2 protein chains.
Amino acid sequence: MAHIALDEKEISPIAKSPDVSTTASSEGGTKPKATCLQQHFSEESRNFQGSALKKTTRLLSNFIPLGTGRPHTELYPWTSSDANWPTSLNKPSGPEDRARVPSIYTLANALTYGTALGAPSLVQFLTEHMKSIHAPPYQDWAVCLTCGSTSALDIIFRTFTDRGDVILAEKYSYPGFIESSALAGVDIQPVDLDGQGLSPHKLGQILDQWNTLERPKPKVLYTIPSGQNPTGVTQSQERRRAIYEIAERHGLIIIEDDPYYFIQLGPNTASGGSNLESVSRQLVPSYISIDKSGRVIRLDSTSKILAPGLRAGWVTASQQVIDKYAAYHDLTTVSVSGLSQFVLHDLFNLQWGQEGFSTWLQALSLKYTQRRDITVAACHSFLPSDICSFAIPDHGMFLWVSIDLRMHPMYAAEGQMVQEWCSQVEDRILTLGLANGVQVTKGSLFFTERSSGEAELFFRLTFAAAKEQDLTEGVRIFANAVKTEFDCRGSV
Amino acid sequence: MAHIALDEKEISPIAKSPDVSTTASSEGGTKPKATCLQQHFSEESRNFQGSALKKTTRLLSNFIPLGTGRPHTELYPWTSSDANWPTSLNKPSGPEDRARVPSIYTLANALTYGTALGAPSLVQFLTEHMKSIHAPPYQDWAVCLTCGSTSALDIIFRTFTDRGDVILAEKYSYPGFIESSALAGVDIQPVDLDGQGLSPHKLGQILDQWNTLERPKPKVLYTIPSGQNPTGVTQSQERRRAIYEIAERHGLIIIEDDPYYFIQLGPNTASGGSNLESVSRQLVPSYISIDKSGRVIRLDSTSKILAPGLRAGWVTASQQVIDKYAAYHDLTTVSVSGLSQFVLHDLFNLQWGQEGFSTWLQALSLKYTQRRDITVAACHSFLPSDICSFAIPDHGMFLWVSIDLRMHPMYAAEGQMVQEWCSQVEDRILTLGLANGVQVTKGSLFFTERSSGEAELFFRLTFAAAKEQDLTEGVRIFANAVKTEFDCRGSV
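Predicted, not measured: the structure shown is a model, and the values here were computed from it.

### What about the relation of the copies chain A and chain B?
Turning to step 1, where the next piece is worked out: The operation relating chain A to chain B is a screw motion whose rotation component is 180°, with 0.0 Å of axial translation and a residual RMSD of 0.0 Å. Viewed as a symmetry operation, the transformation between the two copies matches a two-fold axis.
Turning to step 2, where the next piece is worked out: Of the residues that chain A buries at the interface, 100% are likewise interface residues in chain B, meaning the two copies contact each other through the same surface.

Given below as structure tokens:
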């Protein structure tokens, strides 16, 4: 029934993988090595070395394998005649990049157990990508594939936090992060942010004034530096440097969660060239690009720039962190889905190359810019400007609309019970929007602490998910819901 | 650059998914409902409800989605012209089953965010499969896809154990389980096993005599009932019933980790018919098939019966457990890779159907039977019978070879330091085997506690991974390594 056809030599990804990330990324000479983070590791992870069994299977190549419960490929229901499967996909870039990188990740590789780091060809591609775009300024950095940044965040929580710890983050943040913190028993210490993102002034103040007798001082800062979720703001270069210096001074690890880095909006993307260098020059420096001491853990995701269904991304950090990360893979997901890796290998190594990837990212930025511009125009047209305000994002996919509750006819009367009343107003706007066909996201989902009675509420609008032609209508319906709630008759 | 072609209506798996598992599996009438397991949940998981944000996105269908950061399919680099991608695969069974199940999982579904439970079409297929094969005898059971059983074990540890807990398991067990226990800070209480697997007598004794003043009584039993890893033994029907009764009496949850269930070896598989009912009749009853009170958490995996690179399996348990499981997905891997699901949907729903799946499993069992028979014959030919012994497994892929150290020429002299000396003998046999081209697995990797001075060591041999024609030679090399260590000159 099964067709025995896969070439035996195709199924030794493991034999090819040892030290790929190390050899690909470690750089000798003048760069410093990463600071030792041993004291930052959690109780759970401190002595965790990964799977002993998996280590033994790394001896596989050239032996008759009577040791490992890895079924021979003749036992799979797919055959090598399907090995060219995804190369038949209709890809954006032409075939000129093909055969530039040898195809060393086959269907047989995809179907068998993968390695914790990821397919060597993918790790190598992503390491080269990290070198060209970010060039971390220390020696011993490395890359590991992740099963998406949500999974990576979970593993990083387990690696670096114990129950009762405190973690620093933007005051408004990604709910997946907020909920992961709660699950890990970790409290969030919110840091204010303004139109340029997280405030280094406030961050420094919090840390300088920390009472270590009351609670252990935070050792981790979680930040979304570009197109922040939900506010859409992007930290300037100066701000990043100031925050990094504070991290150095206080021994903080920085989790740089940066899925929107390449979704760069505005005139920059339209004017740029199409080669890698020009993209690189236009991009704001990431934290890892200024990370002299190996304290940044950078999360990249394919979810916003390729497709979320892949459940794939990559983490870049010092070798000691990547070793822990891979150890967690051994005992959790083992590896990224082989089929996701197969398709990524095909796209990156066989179809696109580094330049094709860069071209894709620029084209994608243009699409998002169009979508942003349509949405912003609709907001200007329909949102009541005395009630609603927003900043125009230059990265990402989010518009953070602030609503001034003081303009509400019931505000004075309800002043005594702001918190509950705010929630009611928020719910009514949401429900009215849904009743008329638009779904937006309540700002309160992004609060790291309960609102402290500010006369303001928020909605997050995204221009990523809807059909481009529906964006204007969506904003119009939302605006009408706001107006109705604020009793601006005649507009609905 | 991107080709805008995917049909909008294809991308609402979420809109189709609510309550699929419930409606598919809940059965009314005479069956009891599952016992409430609230007191079994860990501190971490007790109040954990999953992601609020993900819940809001479940409203997506029929609205203009300005709420969710889920990129529109026009923003992906793959197009609908590739939607028939995996159906071009050369599958074992013919096309007669096609179109029997509607294709409601498309490439667009695969590329966007998936749901925690898994694609509805897959959950439905697997629920039907569970009904035909296992028919859990209570009402409110459900199925959730997993990112493989290693990932499932990790989530189940988080769901049910706190640091300092004790978990029951076979004395020799899967290293991934042993290492996950260590990571979770959970101690293993080993239970002896014999030629029929885990001993109900010993299990009862341990629980009856447990001193709850010293340590909290275990509330979880982890067992691999069929083709146990590493011993290869399969629990008889009587034994399973006896163990289940003990679980009932002591309020234990049973984690039934059963990846080898369908790899059924021996004359049974050769004589049986090819339809679903005949397979079902031949199989030993699983724990979940006798689970009146919903205390079994059954793990199935695609790794040994389809392909490990998919990183996919499924967990079957009571709805309350599945709800927690899905909640963990929300904050960890989000979903199984869409491409893995796409390929599984294609195989199960479009190519095979239930009967095709059953046919595949029977054919696979025959292949494994051949491999087992070759390996057993080689063991009989080459292993020194005065030193080595083993039982012939009737499930799975492992042969557990016991080596009698009392036959070793140095045994008497080294009697004083059994533990260390055993390890040295084990290492020397392993190393000599590798030097001559065979890889086997040291038995000590499977010990849940340090050996207590028994004059016995073990190696696990598998007949799954090698080429069939290499099995005999592999065993011969291993046997020679044993003989050399035991100084049986003239055999090497």
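So, next bit.
### Focus: the pattern of salt bridges
Turning to step 1, where the next piece is worked out: Counted under the stated rule, the structure contains 30 salt bridges over all chains.
Turning to step 2, where the next piece is worked out: Between Asp154 of chain A and Arg158 of chain B there is a salt bridge, with the nearest N and O atoms lying 2.9 Å from each other. Taken together, the residues Asp154 of chain A in helix H6 (residues 149-160) and Arg158 of chain B in helix H6 (residues 149-160) connect one chain to another.
Turning to step 3, where the next piece is worked out: Using a relative accessible area of 7% as the deciding quantity, one classes Asp154 of chain A as buried.
Turning to step 4, where the next piece is worked out: Here Lys292 of chain A ties to Glu245 of chain A by a salt bridge, and the two come within 3.6 Å at their closest N and O atoms. Placement of Lys292 of chain A in the loop between helix H11 (276-282) and strand E9 (296-301) and of Glu245 of chain A in helix H9 (residues 237-250) is noted, with a sequence separation of 47 residues between them.
Turning to step 5, where the next piece is worked out: Lys292 of chain A sits in the partly exposed class, given a relative accessible area of 41%.

### Details of the sheet that holds strand E10 (residues 313-318) of chain A
Residues and elements named next belong to chain A.
Turning to step 1, where the next piece is worked out: Read across the open sheet, the seven strands follow the order E2-E10-E9-E8-E7-E3-E4; overall the sheet is mixed. The open sheet is flanked by strand E2 (141-146) and strand E4 (187-191), the only strands paired with a single partner. Across the sheet, the mean angle from the axis of one strand to that of its neighbour is 20°, orientation sign disregarded.
Turning to step 2, where the next piece is worked out: The pairing of strand E3 (residues 166-170) with E4 spans five bridges and is classified as parallel. In the strand pairing of E4, Glu170 is matched with Val191.
Turning to step 3, where the next piece is worked out: Strands E2, E3, strand E7 (220-223), strand E8 (253-257) and E9 of the sheet are contacted by H6, whose axis makes an angle of about 160° with E9.

### So, H6 of chain A
Residue and element names in this part refer to chain A.
Turning to step 1, where the next piece is worked out: Under the 1.5 Å per step criterion, the end-to-end length of H6 is 16 Å for twelve residues, consistent within 8% with the ideal 16 Å.
Turning to step 2, where the next piece is worked out: In terms of residue burial, H6 counts as a mostly covered element, since twelve of its twelve residues are buried.
Turning to step 3, where the next piece is worked out: When we look at burial in H6, the residues that qualify are Ser149, Thr150, Ser151, Ala152, Leu153, Asp154, Ile155, Ile156, Phe157, Arg158, Thr159 and Phe160.

### Details of the domain arrangement of chain A
All names here are of chain A.
Turning to step 1, where the next piece is worked out: Here chain A is described as being made up of domain 1 (8-85 + 97-361) and domain 2 (397-485).
Turning to step 2, where the next piece is worked out: Each partner contributes to the interface: domain 1 provides 18 residues, whereas domain 2 provides twelve residues.
Turning to step 3, where the next piece is worked out: Interface of domain 1 and domain 2: buried area, both sides summed, is about 1,300 Å²; carbon and sulfur atoms make up 65% of it.
Turning to step 4, where the next piece is worked out: The three residues of domain 1 that bury the most area against domain 2 are Lys171, Tyr172 and Pro230, which together make up 38% of that side's buried surface.
Turning to step 5, where the next piece is worked out: Our count for the domain 1 to domain 2 interface comes out at zero salt bridges.
Turning to step 6, where the next piece is worked out: Seen at the junction of domain 1 and domain 2, the total is three residue pairs in polar contact (both at pLDDT 80 or more).

What counts and what doesn't
- Residues numbered from 1 in each chain as written.
- Chains lettered and ligands numbered in written order.
- Predicted model: local features only at pLDDT ≥ 70, side-chain atom pairs only at ≥ 80, totals over all residues.
- Heavy atoms only, no water.
- Least-squares fit on C-alpha atoms with pLDDT ≥ 70 in both.
- Contact = heavy atoms within 4.5 Å.
- Salt bridge = Lys/Arg side-chain N within 4 Å of Asp/Glu carboxyl O.
- Helix = DSSP H or I, 4+ residues; strand = E, 2+ residues; numbered from the N terminus.
- Buried < 20%, exposed > 50% of the residue type's maximum accessible area, 1.4 Å probe, protein only.
- Pairing = 2+ DSSP bridges.
- Axes fitted to C-alpha atoms, helices over the stretch in contact; angles between N-to-C directions.
- Expected span 1.5 Å × (residues − 1).
- Domains from an automatic or database assignment.
- Buried area = accessible area lost by both parts, 1.4 Å probe.
- Polar contact = N/O pair within 3.5 Å; in protein donor to acceptor, adjacent residues only side chain to side chain.

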